[in-house]
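Fold and geometry: a report
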Amino acid sequence: QQPTAVIELTPGFATVPGQTVAITVIAQSYSAIVSRTLVLDGQAIALDAQNRATIPAPDAGIHVLTATVTDRDGLVTTVERIARHGRSQSAAPV
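Positions within a chain are numbered from 1, following the residues in the order the chain's sequence is written. Per-residue local features of the predicted model are confined to residues with pLDDT of at least 70, and side-chain atom pairs are confined, for both listing and counting, to 80 or more; whole-chain, interface and lining totals are unaffected and use all residues. Excluding hydrogens and water, the side-chain values take into account all heavy atoms of the structure.

1. A closer look at the overall build of the protein
Test applied: A run of H or I in DSSP counts as a helix once it spans at least four residues, and a run of E counts as a strand once it spans at least two, with each numbered from the N terminus. A 1.4 Å probe rolled over the protein chains alone gives each residue an accessible area, and that area as a share of the maximum for its type sets the label: buried under 20%, exposed over 50%, partly exposed in between. To measure how exposed things are, a 1.4 Å probe is used in the Shrake-Rupley method; for residues, cover is taken only from the protein chains shown.
Helices and strands together make up the secondary structure of the protein, namely zero helices and seven strands. Mapped in sequence order, the helices and strands of the protein form the string β-β-β-β-β-β-β. Based on the C-alpha atoms only, the size of the protein along its principal axes is roughly 50 × 20 × 20 Å. Taken over 94 residues, the protein has a buried fraction of 31%. Here the protein displays about 5,800 Å² of accessible surface, and carbon together with sulfur accounts for 53% of that area.

This is how it looks when you write it as structure tokens:
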């Protein structure tokens with residue numbers, strides 16, 4: 001059976017550029033998870049030992065997070081999450 005994976009964001013609501021965002025890749029499988037990767041808009045993001053990354057929120061807009069997990073049996077699951085980031089509080093409305 002394929003592993004399952006979820007991308008968790010903290011905070012879980014729209015952010016403004018530069019605000020700190022914690023991203024966690026949660027995965028489980030019948031056999032041990034041996035690798036997890038995280039990509040934001042095509043750029044790899046390093047995960048720490050707890051499978052988390054802390055980054056400043058990117059520029060305003062819609063961004064795609066992609067996580068890929070592999071278990072010991074070689075089964076792979078890829079999930080995506082869309083993240084919306086608002087405009088800066090100091091930016092003038094358009």
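On we go from here.
2. A closer look at the sheet that holds strand β2 (residues 20-28)
As a reminder of what qualifies: Strand pairing is defined by DSSP finding a minimum of two bridges between the two strands. Fitted lines through C-alpha atoms give the axes, limited to the stretch in contact for helices. The angle between two N-to-C directions lies from 0 to 180 degrees.
The strand order across the open sheet built from three strands is β1-β2-β5, with neighbouring strands paired in antiparallel fashion. What marks the edges here is a single partner per strand, and that holds for β1 (4-10) and β5 (52-56). Strand after strand, the sheet turns through a mean of 20 degrees between neighbouring axes, direction not considered. As defined by bridge partners, β1 adjoins β2 across seven bridges and the pair is classed as antiparallel. Within β2, the residue paired with Ala5 across the bridge is Ala27.

3. Things to note about the pattern of salt bridges
This is how it is decided: Note on definitions: salt bridges are taken to be side-chain nitrogens of Lys or Arg within 4 Å of carboxyl oxygens of Asp or Glu.
Considering all chains together, one arrives at one salt bridge under this definition. The closest approach of N and O atoms between Arg52 and Asp48, which form a salt bridge, is 3.5 Å.

4. Quick notes on the nonpolar core
Convention followed: To form a nonpolar core, buried Ala, Val, Leu, Ile, Met, Phe, Trp, Tyr and Cys residues must be joined to one another through side-chain atoms within 4.5 Å. Throughout, a contact is declared for two residues whenever any of their heavy atoms are within 4.5 Å.
Membership of the largest hydrophobic core comes to 18 residues, with the highest contact counts inside it found for Ile7, Leu9, Ile23, Leu38 and Leu65. With four residues, β2 is the single largest residue contributor to this core. Not counting residues up to four positions away in its chain, the partners in contact with Leu9 are Val21, Ala22, Ile23, Leu65, Arg81 and Ala83.

5. A closer look at the confidence of the model for the protein
Quick reminder of the rule: As a per-residue measure, pLDDT tells how confident the predictor is, with possible values from 0 to 100.
Across the protein, pLDDT averages 89, with 90% of residues at or above 70. Throughout residues 89-94 the model reports pLDDT below 50, and contacts reaching past four residues in sequence, or to other chains, amount to two contacts.

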